[in-house]
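Secondary and tertiary structure notes
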Amino acid sequence: MKKLVCLIAVVMMFVGSASVKAGAGDTLLLYIPNRLVDMVDMFSLTLGFGPAIGVEGHCTKYLSIGGEIGATAQVVKGVNRQYGFCRSNGWDVSFLMIGAESREVDEPIGSVKKYFFRATGVPSMTKNPYDFHNGAKDFWSVGAKLAALIEMQFEIHPVEIADFILGWVFIDIKGDDFTPDDINE
């Protein structure tokens, strides 16, 4: 039984590696740093200041209630490893599966992604900015936002939680684990 478990572990190291070029030694060398970064990826926090008012809660974009209007300067620790500052301007309103939004995020500093998004009706995960690997927003997040001159938004990312758990057995569903190529750049 022990031999079978060891064999499975060795196969998963090579099959589930983030990079086909990375060997077992490279994968093991970056194993703990990748698990730590995956752990930090599981949540987002945005703090903003500016003339905005609103309240919103969501359990994915399909189950969202609330709205916001205004503009804020923000400090961002966001999905898909966005860290930095930006300006957000616009409005959104939603009730369960129906919503409308017109929002622009611009003047980014750091790795925050700039985008303009306008949509009405039932949300679609195929639209920008909800790209699974590189999008500025997470379609599947669970979170809340409160704004009254000071804005606070907190989100938990279920896909990132799955990426963290599966990463322990060398499976990287987000494709975001570091490889030696990332370190050499």
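Before reading further, recall that the structure is shown in the block above.
Right, let's walk through the structure included here. (Residues numbered from 1 in each chain as written. Predicted model: local features only at pLDDT ≥ 70, side-chain atom pairs only at ≥ 80, totals over all residues. Heavy atoms only, no water.)

1. Description of the overall build of the chain
Within the chain, the regular secondary structure consists of 5 helices and 6 strands. Listing every helix and strand of the chain by position from the N terminus yields α-α-α-β-β-β-β-β-β-α-α. Across the 185 residues that make up the chain, the buried fraction comes to 44%. Here the contacts in the chain between residues at least 6 apart in sequence split such that 55% fall between residues at least 24 apart. Of the roughly 10500 Å² of accessible surface on the chain, 73% is carried by carbon and sulfur atoms. (Helix = DSSP H or I, 4+ residues; strand = E, 2+ residues; numbered from the N terminus. Buried < 20%, exposed > 50% of the residue type's maximum accessible area, 1.4 Å probe, protein only. Contact = heavy atoms within 4.5 Å. Areas by Shrake-Rupley, 256 points an atom, 1.4 Å probe, with all protein chains shown as cover.)

2. Regarding the environment of Ile 173
Of note, Ile 173 is situated in the loop between helix 4 (158-167) and helix 5 (180-184). Linking Ile 173 and Ala 162, residues 11 residues apart in sequence, is a C-alpha distance of 8.0 Å. Dropping the residues within four chain positions of it, Ile 173 is found in contact with Phe 132, His 133, Val 159, Ala 162, Asp 163 and Leu 166.

3. What about the side chain of Ser 88?
For Ser 88, the location among the structural elements is in strand 3 (residues 82-96). Exposure remark for Ser 88: the relative accessible area of 5% places this residue in the buried category. Only 3.1 Å separates the side chain of Ser 88 from the side chain of Arg 103, close enough to count as a polar contact. Those residues in contact with Ser 88 that sit more than four places away from it in its chain are Gly 70, Ala 71, Thr 72, Gln 74, Arg 103, Glu 104 and Val 105. (Polar contact = N/O pair within 3.5 Å; in protein donor to acceptor, adjacent residues only side chain to side chain.)

4. Remarks on the side chain of Ser 102
With respect to the helices, strands and loops of the structure, Ser 102 is situated in strand 4 (residues 98-110). Its relative accessible area of 10% is what places Ser 102 among the buried residues. Separated by 3.3 Å, the side chains of Ser 102 and Arg 118 make a polar contact. Residues within four places of Ser 102 in sequence aside, it is in contact with Asn 89, Gly 90, Trp 91, Phe 116, Phe 117 and Arg 118.

5. Some details on the nonpolar core
Ranked by size, the top nonpolar core spans 10 residues in total: Val 76, Cys 86, Val 105, Val 112, Tyr 115, Phe 117, Ala 119, Tyr 130, Ala 136 and Phe 139. Per element, the largest residue contribution to this core is 3 residues, and it comes from strand 5 (residues 115-121). With near-sequence residues (within four places) excluded, Ala 136 lies in contact with Val 79, Gln 82, Lys 113, Tyr 115 and Pro 129. (Core = buried A, V, L, I, M, F, W, Y, C linked by side-chain atoms within 4.5 Å.)

6. Some remarks on helix 3 (residues 31-40)
Where helix 3 is concerned, the buried positions are Tyr 31, Asn 34, Arg 35 and Asp 38. Relative to the axis of helix 3, the buried residues are bounded by an arc of 100° and lie together on one face. Buried positions along helix 3 lie against helix 2 (24-29) and helix 4. (Arc of directions from axis to C-beta.)

7. Some details on the pattern of salt bridges
What the rule picks out here adds up to 13 salt bridges. A salt bridge links Arg 81 to Asp 38; the shortest N-O distance between them is 3.5 Å. Pair noted here: Arg 81 is in the loop between strand 2 (64-78) and strand 3 and Asp 38 is in helix 3, with a separation of 43 residues, a long-range link. One salt bridge connects Asp 176 with Arg 81, and the closest N-O pair in it is separated by 3.4 Å. Remark: Arg 81 occurs in the loop between strand 2 and strand 3 and Asp 176 occurs in the loop between helix 4 and helix 5; sequence separation between them is 95 residues. (Salt bridge = Lys/Arg side-chain N within 4 Å of Asp/Glu carboxyl O.)

8. Some remarks on helix 4
Of all the residues in helix 4, the buried ones are Val 159, Glu 160, Asp 163, Phe 164 and Gly 167. Down the axis of helix 4, the smallest arc covering the buried residues is 145°, so these residues share one side. Those residues of helix 4 hidden inside the fold are in contact with helix 3.

9. Points about the sheet that holds strand 3
Reading across the sheet, the 6 strands line up as 5-4-3-2-1-6 and stay open at both edges, with antiparallel pairing between neighbours. With one partner strand each, in any of the chains shown, strand 5 and strand 6 (142-156) form the two edges of the open sheet. Each strand of the sheet is rotated relative to its neighbour by a mean of 20°, with strand direction disregarded. Here 12 bridges tie strand 1 (residues 43-59) to strand 2, and the two strands are oriented antiparallel to one another. Bridge pairing in strand 2 places Gly 48 opposite Gln 74. (Pairing = 2+ DSSP bridges. Axes fitted to C-alpha atoms, helices over the stretch in contact; angles between N-to-C directions.)

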